[in-house]
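Observations on chain architecture
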Amino acid sequence: LLTDLHGKEQEYLEAMQNDIEPQQDLLDEIQSKQQRAINLSDEKVQLAVQTYDLVDKCIRKLDADLKLFDAQLSAEEREKFNNRKDDFRLQTLNAPQSDMPVDPDEPIYCTCRRVSFGDMVQCDAPHCHYEWFHFECVGLSQAPKGKWYCPQCRGKSSTNMAH
């Protein structure tokens, strides 16, 4: 449609440059194609909005179902679930490195010199050598509150960390 419209516009412009009176039919056709393009664009926008609303509705439903499910779990069931999750994390961490293909261009972090995976924390020191650390490598089980400095930067003077 747009290619055809562009061709008609070029035809009209050439007629104008050659001082030929453009035909009213050509102008009507251009106007009709422009209106069709606008209508199609509007339909696309409406479809995108409807899709977004549908996905948003599904996400809200999943969130509500998850809250309901979480509320129904007994403390004992929750503890069993958390233990299984921790076991899975340990299995993942202890998996042989060759089983996990890694892009050679992917940056490496932490004192373990591995790629980013799982939960990580950033050192707040401006010139930290490693910058990002795996929770497991620095003994964390949850994100720290406030500023956090890695063991190497904690050993430096506080004046170095202030800049």
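Residues numbered from 1 in each chain as written. Predicted model: local features only at pLDDT ≥ 70, side-chain atom pairs only at ≥ 80, totals over all residues. Heavy atoms only, no water.

Comments concerning the state of the cysteines
In protein structure, a disulfide is the covalent linkage between the sulfur atoms of two cysteines. In the structure shown here, the tally under the stated rule is zero disulfides. Free cysteine C153: the closest other cysteine sulfur is in C150, separated by 3.5 Å. (Disulfide = S-S within 2.5 Å.)

Things to note about the pattern of salt bridges
Within this structure, the stated rule accounts for three salt bridges. Among the salt bridges present, the one from R60 reaches D56, with a minimum N-O distance of 2.9 Å. Here the residue R60 and the residue D56 both occupy positions in helix 2 (residues 24–72), the gap between them amounting to four residues, near one helical turn. Its relative accessible area of 58% is what places R60 among the exposed residues. In this structure, the salt-bridge partner of K61 is D65, at a minimum N-O distance of 3.2 Å. With K61 and D65 both in helix 2 and four residues apart, the pair spans about one turn of that helix. We classify D65 as partly exposed; its relative accessible area is 36%. (Salt bridge = Lys/Arg side-chain N within 4 Å of Asp/Glu carboxyl O. Helix = DSSP H or I, 4+ residues; strand = E, 2+ residues; numbered from the N terminus. Buried < 20%, exposed > 50% of the residue type's maximum accessible area, 1.4 Å probe, protein only.)

Comments concerning the side chain of H134
Among the structural elements, H134 can be located in strand 4 (residues 132–134). Look at H134 and you get buried, because its relative accessible area is 0%. Of note is the side chain of H134, whose polar atom sits 2.9 Å from the backbone oxygen of V115. Sequence-distant contacts of H134, defined by excluding residues within four places in its chain, comprise C110, C112, R114, V115, S116, F117, D119 and M120. (Polar contact = N/O pair within 3.5 Å; in protein donor to acceptor, adjacent residues only side chain to side chain. Contact = heavy atoms within 4.5 Å.)

Description of the packing of aromatic side chains
For any pair of aromatic rings, geometry is given as the distance between the ring centres together with the angle between the planes. Within this structure, the stated rule accounts for two aromatic pairs. Consider the rings of F133 and W148, whose centres lie 5.7 Å apart with planes at 65 degrees: the pair is edge-to-face. Placement of F133 in strand 4 and of W148 in the loop between strand 4 and helix 4 (151–154) is noted, with a sequence separation of 15 residues between them. Comparing F133 with W148, the two get one shared label, buried. Among the aromatic residues, those joined into a ring-pair cluster are Y130, F133 and W148. (Phe/Tyr/Trp six-rings, centres within 6.5 Å; stacked < 30°, edge-to-face > 60°.)

Things to note about the confidence of the model for the chain
Looking at the chain as a whole, its pLDDT mean stands at 79, while 77% of the residues score no less than 70. In this model, residues 94–98 is a region of pLDDT below 50 whose contacts with residues beyond four sequence positions or in other chains number two contacts. Below pLDDT 50 for its whole length, residues 159–163 participates in eight contacts with residues either more than four positions away or in separate chains. (pLDDT = per-residue confidence, 0-100.)

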